[in-house]
Amino acid sequence: MKISDHSVVSIDYTLTDDSGTELDSSRGGDPLTYIHGVGDLIPGLERALLGKGIGAAIKVRIAPEDGYGLRDENMVARVPRSHMPKGAPLDVGTQFQASGPEGEQVVRLVKVEDDAVWLDANHELAGVHLNFEVTVVAVRAATDEEPEHGHVHGPGVHHH
Ligand code: ZN
């Protein structure tokens, strides 16, 4: 069976940046299982997997436009410490939930000053070229319900 829209696909993957630093991997854990064609994966990776079958091994370099998007420097803001939640750890790398005009978003603390911090609402991987090595472990057709729910049903994955 080949991967097409609404296939339920399990993959082993390793993600590195252009310097070879590993950013993410399923190695040592369960494969990632997703529904193809519903936006679970970044567009560049879905495109590379389309039409592949079990056992297929692919290597693909994905540009930011087909990954987590380009960086937008307007999404970086200086915030006075007095506007930060009391007792919150103000260390570089700390993530916060913030509510903005487009709803809840995750912001990352990227710089600390004496009286202020800098928060970045860009995705951590925005602007980054992504190098994926992927092996297709399993492919099956989705049940009628799964694409509707937007998630996979099955042992260890999701229960109702
Ligand atoms: Zn469900």
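Residues numbered from 1 in each chain as written. Predicted model: local features only at pLDDT ≥ 70, side-chain atom pairs only at ≥ 80, totals over all residues. Heavy atoms only, no water.

Concerning the overall build of the protein chain
Filter applied, for reference: Here a helix means four or more residues in a row that DSSP labels H or I, a strand means two or more in a row labelled E, and each is numbered from the N terminus. We call two residues in contact when some of their heavy atoms are within 4.5 Å. Working definition of accessibility: Shrake-Rupley area with a 1.4 Å probe, residue cover restricted to the visible protein chains.
Within the protein chain, the secondary structure is distributed over two helices and nine strands. Listing each helix as α and each strand as β along the protein chain from the N terminus yields β-β-β-α-β-β-β-β-β-β-α. Taken along the three principal axes of its C-alpha coordinates, the protein chain extends 60 × 40 × 30 Å. Pairs at least 24 apart in sequence give 61% of the contacts found in the protein chain among residues at least 6 apart. Only carbon and sulfur atoms are counted for the fraction: they give 50% of the accessible area of the protein chain, which is about 9,600 Å².

Thoughts on the nonpolar core
Operational definition: Here the nonpolar core consists of buried residues drawn from Ala, Val, Leu, Ile, Met, Phe, Trp, Tyr and Cys, with membership extended through side-chain atoms lying within 4.5 Å. Under the scheme applied here, a residue whose accessible area is under 20% of the maximum for its type counts as buried, over 50% as exposed, and between as partly exposed, the area being computed with a 1.4 Å probe on protein chains only.
The biggest cluster of nonpolar side chains holds 20 residues, and the ones touching the most others in it are Ile11, Leu45, Leu49, Phe132 and Val134. Of all elements in the fold, only β1 (7-16), α1 (43-49), β4 (57-62) and β9 (130-141) reach the threshold of two or more residues within this core. In terms of residue count, the dominant contributor to this core is β9 (five residues). Residues contacting Val134, with those up to four places away along its chain left out, are Ile11, Asp12, Tyr13, Leu45, Leu49, Ala56, Ala57 and Ile58. Among the nonpolar cores identified, the runner-up in size contains 10 residues, and Val79, Leu90, Val117 and Ala121 belong to it.

Some remarks on the domain arrangement of the protein chain
How we decide: Residue ranges assigned to each domain were obtained from an automatic or database domain assignment.
What the domain assignment lists for the protein chain is domain 1 (7-68 + 126-143) and domain 2 (73-120). Of note, the centres of domain 1 and domain 2, computed from C-alpha atoms alone, are 30 Å apart.

Considering the packing of aromatic side chains
Spelled out, the test is: Aromatic contacts are taken between Phe, Tyr and Trp rings whose centres are within 6.5 Å, Trp giving its six-membered ring; a plane angle under 30 degrees counts as stacked, one over 60 as edge-to-face, and the others as tilted.
Tallied over the full model, the rule gives one aromatic pair. Ring centres of Tyr13 and Phe132 lie 6.5 Å apart, and the angle between their planes is 50 degrees; this geometry places the pair in the tilted category. Of the two residues, Tyr13 is situated in strand β1 and Phe132 in strand β9; the sequence distance between them amounts to 119 residues. Residue class for Tyr13 comes out buried when judged on its relative accessible area of 13%. The class for Phe132 is buried, based on a relative accessible area of 7%.

So, the pairing of strand β2 (residues 22-25)
For clarity, the cut-off: Being paired, for any two strands, means DSSP has found at least two bridges between them.
As paired elements, β1 and β2 share three bridges and run antiparallel to each other. By the bridge assignment, Leu15 is partnered in β2 with Asp24. Hairpin connection, β1 to β2: the antiparallel pair is bridged by five residues, and Gly20 has positive phi, about 90 degrees.

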